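Residue-level structural notes
Listed here are the chains, written in short residue letters.
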Amino acid sequence: MTALRWLAAGVAGLLLAGCGASDHEELQQWMTAQRNAARPHVTPLSAPKQFVPQSYTEANATDPFSLEKLTVALRRDSNQSASNAALVAPELARRKEPLEAFPLDSMTMVGSMGRPGKPVALVRVDNLLYQVHLGDYLGQNYGRVTKITETQVTLREIAQDAAGEWVERPATLQLQEKAK
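Attention in this report is confined to the structure presented alongside it. (Residues numbered from 1 in each chain as written. Predicted model: local features only at pLDDT ≥ 70, side-chain atom pairs only at ≥ 80, totals over all residues. Heavy atoms only, no water.)

**Re the nonpolar core**
- Met107, Leu138, Val153 and Leu173 are the most contacted members of the largest nonpolar core, which totals 15 residues.
- Counting only elements with at least two residues in this core, the list comes to strand E2 (118-125), strand E5 (143-148), strand E6 (152-160) and strand E7 (166-174).
- Looking at this core, the element that brings in the most residues is E2, giving 3 residues.
- Residues contacting Leu173, with those up to four places away along its chain left out, are Leu104, Met107, Met109, Val123, Leu138, Thr151, Gln152 and Val153. (Core = buried A, V, L, I, M, F, W, Y, C linked by side-chain atoms within 4.5 Å. Buried < 20%, exposed > 50% of the residue type's maximum accessible area, 1.4 Å probe, protein only. Helix = DSSP H or I, 4+ residues; strand = E, 2+ residues; numbered from the N terminus. Contact = heavy atoms within 4.5 Å.)

**A word on unusual backbone geometry**
- With phi around 60°, Asn127 is a residue other than glycine that occupies positive phi space.
- Note that Asn127 resides in the loop between E2 and strand E3 (128-132).
- Its relative accessible area of 73% is what places Asn127 among the exposed residues.
- Not every positive phi belongs to a glycine, and Tyr142 is a case in point at roughly 55°.
- Tracing the sequence through the fold places Tyr142 in the loop between strand E4 (137-138) and E5.

All we've got here are geometric facts, nothing functional implied.
Pasting the structure below:
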């Protein structure tokens, strides 16, 4: 058994001797040569373009936001709309109807009924149900009902535009299906 131990120790010694320092000089030279040969290629930057300042030549032109230009445009528009103002204006002297106290977007059409030639729309506002007939007024923009069908109520609203002129615009209330 001691001979076996000696034999195993000898084989282990030979194996360790094979792993010892060897001639790595050749490998080190190759690595150095490869490192020196691999140089990055960087293209040089081009010279910056020369900036040539330009003089501002529009200083003498009319400013598009000048008060004079806006005044002239408003006068021209008011002359054209003065003829329309007599045609389109709300009836301020009449008594307001109950549905004129609510904005149009807070109203929902929930149905329609009526006899032929006398349609009636059912409109819900704040969980209250109202009957709306042709010619009734709805909303806060002097909206007057012009047409009632099974699926919508058509209105003609009169509102002020940015210049303070009264303009006519169409509006509708669509039938709202109840979601289940």
